[in-house]
Amino acid sequence: LVRKFDTGGDQLISFDEFNSALGMDDEDTLDIDDAPAADQEHNEGAVDMNGRPKIRQIKIKELNDEGAEEEETKEARQGLIPGEVLKLARIKLQSHSSFNEVWTSRGSMTRAQASVWEPVSLEPRLISQNRMRICVGYYATPSFSSPAADSTFKNQILELTDREGNALTGSKYLEDMVDRFFKHPIRFQQVWSQQWGKDKVYFWRPIPFSSSYVALGMAVTVTDTPPDRTCIRCVPRKWTVPSSMAPVKLWDNSGAGGREGSIWVINPMGMIAATHGTEPPEEEAYQMFQKEFSAASPGVQGEDPKH
């Protein structure tokens, strides 16, 4: 209702907008003489050019929070996903071949080569309308080639398939299931950065919105502006186990000068983490508890990971 009143779109409802919305003409409008004495005293001398009282304007929360209504609708949809749909939906680790280059060490003067890549082409494809891939972190190679061409490490990505849907006509619940189970982080924490002349790189750790979720990898940028929250998703902790592999050093900045830093591959999916210095990351790394499982799976601790 209040959105109908706010014809100016400024998240405020003016005196004229209020009257217009109620269909009031000049004879019907509130006059300052009709206001209670207390209000007259409060507004004494505070009138606009038309002699109307000036009232302190406060932005309306529901108008200011443009995404509130959409989020409420999204949460409602997620709660209405039928149990049979969840049982048929599958989450699987898949090899991925589409990447965009984010950064390379070409301009860093380091002895070793490295490059960082963001997975792309995650949306449902023409003949796979019931499948969506999920970015849980960026990838790196010990060369200037993409992970699709450099086989030093695996580059697995999560894929959710709605088998209740159709590969050609799509899925009614696919996006809602992705949003329900794979939450975006609330923010990013910068863990390491360095600048070599015009060449800059920044590594960011996603901070999950609750302890029920974990981040599998990191995001990387070439500016000090934090990444968009939507570039990565976190996964339910109940669907993960500690990484089965010890961190493997992929690159360090030896020869470049400045603060020491290094990049490590931390799980079998090929997720990366950066650290200050040349020692492996101290934070525990995680991997998915199975290579393929149902979206209705209670997880390794027997709890529903939807919250």
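Keep in mind that what you see is a predicted model, and the values were worked out from it rather than measured. (Residues numbered from 1 in each chain as written. Predicted model: local features only at pLDDT ≥ 70, side-chain atom pairs only at ≥ 80, totals over all residues. Heavy atoms only, no water.)

A few points about helix α7 (residues 174-181)
And then number 1: Of all 8 residues in α7, 7 are buried, a share of seventy percent or more.
And then number 2: What α7 keeps buried is the set L174, D176, M177, V178, D179, R180 and F181. (Buried < 20%, exposed > 50% of the residue type's maximum accessible area, 1.4 Å probe, protein only. Helix = DSSP H or I, 4+ residues; strand = E, 2+ residues; numbered from the N terminus.)

Describing the packing of aromatic side chains
And then number 1: The tally for this structure, following the rule as stated, stands at 10 aromatic pairs.
And then number 2: Relative to W196, the ring of W103 has its centre 6.3 Å away and its plane inclined at 25°; by these criteria the two rings are stacked. Taken together, the residues W103 in strand β2 (residues 99-104) and W196 in strand β7 (residues 187-196) connect sequence positions 93 residues apart. A single burial state applies to W103 and to W196, both of which are buried.
And then number 3: Taking 5.9 Å as the distance between ring centres and 40° as the angle between the ring planes, the aromatic pair formed by W192 and F203 counts as tilted. Of this pair, W192 sits in strand β7 while F203 sits in strand β8 (residues 199-207); the two residues are 11 residues apart in sequence, bridging distant segments of the chain. Across this residue pair, the class does not change: W192 and F203 are buried.
And then number 4: A network of ring pairs unites the aromatic residues W103, W192, W196, F203 and W251 as a single cluster. (Phe/Tyr/Trp six-rings, centres within 6.5 Å; stacked < 30°, edge-to-face > 60°.)

Some points on the pairing of strand β14 (residues 261-265)
And then number 1: Where burial is concerned, most of β14 is hidden: 5 out of the 5 residues are buried.
And then number 2: Residue alternation in β14 divides its side chains into two sets, G261, I263 and V265 and S262 and W264, and both sets are buried.
And then number 3: With 4 bridges joining them, strand β13 (residues 248-252) and β14 adopt antiparallel strand pairing. In the sheet register, D252 faces β14, and the bridge partner there is S262.
And then number 4: Across 5 bridges, β14 lies against strand β15 (residues 272-276) in antiparallel orientation. Its bridge partner being in β15, W264 is matched across the sheet by A273. (Pairing = 2+ DSSP bridges.)

With respect to the confidence of the model for the protein chain
And then number 1: For the protein chain, mean pLDDT is 81; residues scoring 70 or higher make up 71% of the total.
And then number 2: Below pLDDT 50 for its whole length, residues 26-44 participates in 12 contacts with residues either more than four positions away or in separate chains.
And then number 3: Here residues 62-76 is a poorly scored stretch, pLDDT under 50, and it has 12 contacts once near neighbours within four places are set aside; other chains count. (pLDDT = per-residue confidence, 0-100. Contact = heavy atoms within 4.5 Å.)

Considering empty space enclosed by the protein
And then number 1: Applying the stated rule across the entire model yields 1 cavity of 30 Å³ or more.
And then number 2: Considering only enclosed or pocket space, the largest cavity measures out at about 50 Å³ in volume.
And then number 3: Taken together, Y139, A140, T141, P147, D150, T152, F153, K154, N155 and G270 form the lining of the largest cavity.
And then number 4: A class-by-class count of the residues in the lining of the largest cavity yields 4 nonpolar, 4 polar and 2 charged. (1 Å grid on protein atoms, 1.4 Å probe; cavity = no way out; pocket = protein on both sides within 12 Å on 5 of 7 lines; lining within 4 Å. Points joined across faces, edges and corners; volume = space filled by probe spheres on them. Nonpolar A, V, L, I, M, F, W, Y, C, P; charged D, E, K, R; others polar.)

As for the pattern of salt bridges
Pairing between side chains of opposite charge can happen when the charged atoms of each approach one another.
And then number 1: Evaluated as defined, the whole model comprises 6 salt bridges.
And then number 2: Among the salt bridges present, the one from E292 reaches R90, with a minimum N-O distance of 3.7 Å. In this pair, E292 sits in strand β17 (residues 292-294) while R90 sits in strand β1 (residues 90-95), placing the two residues 202 residues apart along the sequence.
And then number 3: E292 sits in the partly exposed class, given a relative accessible area of 37%.
And then number 4: Where D179 meets R233, a salt bridge forms, and the shortest distance between an N and an O atom there is 3.1 Å. One end of the pair, D179, is in helix α7; the other, R233, is in the loop between β10 (219-221) and β11 (235-236), with 54 residues separating them in the sequence. (Salt bridge = Lys/Arg side-chain N within 4 Å of Asp/Glu carboxyl O.)

Regarding unusual backbone geometry
And then number 1: Here the phi dihedral of M109 falls at roughly 65°; this positive angle occurs in a residue that is not glycine.
And then number 2: Counting through the fold element by element, M109 comes out in the loop between β2 and β3 (115-119).
And then number 3: With a phi close to 60°, S121 is a non-glycine residue in the positive phi region.
And then number 4: Given the relative accessible area of 49%, S121 is considered partly exposed.

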